[in-house]
Amino acid sequence: MMAEIDPDKPCRKSMVAPNDTGAFVKPIKQSFIKNPRLSPMCRIMLTLLSGWAGKGGAIETTIGSIGKHLSRCRRQIHRYLEDAVEEGYLTYSRRKDRIGRYIGIKVHLNFAAIRFTEFIKPKSDKKLSKAAENIDVTLKTEINTKDYLSNNNTQDDTKLWEKLAHLATLLGYLDDKLPSS
């Protein structure tokens with residue numbers, strides 16, 4: 001994986017460049033990039049974690065896997081994490097399995113301090129129809145359960161029955177006599 005090491009060049013020049021997979025990080029605040037209290041590699045680590053987090057939420061990973069992506073040792077990654085916690089960019093906790101062995105860390109990023117969150121509103125403020133929101137299943141709350149034939153509105157019910165009987169007579173389902181109320 002490593003090319004020949006040239007003693008006249010820095011070690012980083014002998015490392016293999018990563019493949020371009022098309023992955024990207026959302027827009028980052030300049031105040032985060034310009035913060036002189038963060039080391040450059042801590043800034044890069046936070047940018048990488050921000051990209052891993054996507055839309056948000058916690059990241060479950062290991063210190064070793066972060067170190068592998070940044071070509072740094074576990075101890076250095078631990079220093080970067082402590083630096084970021086001190087500046088308020090993230091919090092993290094150690095994860096354990098059922099037996100109690102440590103299996104990794106759970107990282108919660110402070111996206112308000114890292115990312116630009118106020119995006120431009122879309123040009124149209126049209127709301128999606130209910131059908132567009134719930135294409136697959138009709139929820140019980142969306143079903144109209146009103147009873148139009150009720151005992152409370154007898155006057156409206158008789159008018160409805162008269163119209164239904166007239167329609168049935170026109171279609172030939174009933175005799176010419178209309179039912180009397």
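What counts, and where the lines are drawn
- Residues numbered from 1 in each chain as written.
- Predicted model: local features only at pLDDT ≥ 70, side-chain atom pairs only at ≥ 80, totals over all residues.
- Heavy atoms only, no water.
- Patch = residues over 30% accessible without salt bridge, like charges linked within 9 Å, V, L, I, M, F, W, Y side chains within 5 Å.
- Areas by Shrake-Rupley, 256 points an atom, 1.4 Å probe, with all protein chains shown as cover.
- Salt bridge = Lys/Arg side-chain N within 4 Å of Asp/Glu carboxyl O.
- Buried < 20%, exposed > 50% of the residue type's maximum accessible area, 1.4 Å probe, protein only.
- Helix = DSSP H or I, 4+ residues; strand = E, 2+ residues; numbered from the N terminus.
- Arc of directions from axis to C-beta.
- Contact = heavy atoms within 4.5 Å.
- Pairing = 2+ DSSP bridges.
- Axes fitted to C-alpha atoms, helices over the stretch in contact; angles between N-to-C directions.
- Lys, Arg positive; Asp, Glu negative; His and termini not counted.
- pLDDT = per-residue confidence, 0-100.
- Parallel < 35°, antiparallel > 145°, perpendicular 65-115°, else oblique.
- Left-handed = near helix turned anticlockwise from the far one by under 90°.
- Nonpolar A, V, L, I, M, F, W, Y, C, P; charged D, E, K, R; others polar.
- Polar contact = N/O pair within 3.5 Å; in protein donor to acceptor, adjacent residues only side chain to side chain.

**Side note on a nonpolar patch on the surface**
Item 1. Together, Leu160, Trp161, Leu164, Leu167, Leu171, Tyr173 and Leu174 make up an exposed nonpolar region whose accessible area comes to about 750 Å².
Item 2. Its relative accessible area of 38% is what places Leu164 among the partly exposed residues.

**Digging into helix α3 (residues 63–70)**
Item 1. If you check which residues of α3 are buried, you get Ile63, Ile66, Gly67 and Leu70. The buried residues of α3 occupy an angular sector of 100° when projected down its axis, which confines them to one face. Exposed residues lying more than 90 degrees from the buried face of α3 are Lys68 and His69.
Item 2. Structurally, α3 contributes buried residues whose contacts are with α2 (40–53), β1 (59–61), α4 (74–87) and β3 (102–109).
Item 3. Count one or two residues on from α3 and you reach Ser71, which has phi positive near 55°.

**Digging into the sheet that holds β3**
Item 1. Strand order in the open sheet made by the three strands is β1-β3-β2, with antiparallel pairing throughout. With one partner strand each, in any of the chains shown, β1 and β2 (90–96) form the two edges of the open sheet. On average, each strand axis in the sheet is tilted by 25° relative to the strand beside it, whichever way the strands run.
Item 2. Sheet topology places β1 next to β3; three bridges connect them, and they run antiparallel. The partner of Ile59 across the bridge, within β3, is Val107.
Item 3. Taken strand by strand, α4 contacts β2 and β3, and its axis lies near 130° from that of β2.

**What about the side chain of Asp83?**
Item 1. Secondary-structure assignment places Asp83 in helix α4.
Item 2. Nearest to the buried, unbridged Asp83 among oppositely charged side chains is Arg37, at 7.2 Å.
Item 3. Among residues more than four places away in sequence, those in contact with Asp83 are Arg37, Leu38, Ser39 and Cys42.

**A short note on the confidence of the model for the protein chain**
Item 1. When the pLDDT values of the protein chain are averaged, the result is 80; 73% of them are 70 or greater.
Item 2. Of all helices and strands in the protein chain, the one with the weakest mean pLDDT is helix α6 (residues 130–133) (51), whereas α4 scores best (94).

**What to know about the pairing of β3**
Item 1. In this sheet, β3 lies alongside β2 in antiparallel orientation, the contact comprising seven bridges. Counterpart to Arg94 in the pairing with β3 is Ile105.
Item 2. Connecting β2 to the next strand, β3, in antiparallel fashion are five residues, including Gly100 with a positive phi near 110°.

**Looking at the packing of α2 against α3**
Item 1. Viewed as axis vectors pointing N to C, α2 and α3 meet at an angle of 110°, and their least axial separation amounts to 11 Å. Judged by the inter-axis angle, α2 sits roughly perpendicular to α3. The interaxial crossing formed by α2 with α3 has right-handed handedness. Contacts from Met41, Ile44, Met45, Leu48, Leu49 and Trp52 in α2 reach Ser65, Ile66, His69 and Leu70 in α3.
Item 2. The residue inventory of the contact of α2 with α3, partitioned by class, reads eight nonpolar, two polar and no charged.

**Notes on the side chain of Asn35**
Item 1. Tracing the backbone shows Asn35 in the loop between α1 (30–34) and α2.
Item 2. Side chain to side chain, Asn35 and Tyr89 meet in a polar contact 2.9 Å long.
Item 3. Excluding residues that lie within four positions of it along the chain, Asn35 makes contacts with Arg43, Glu87 and Tyr89.

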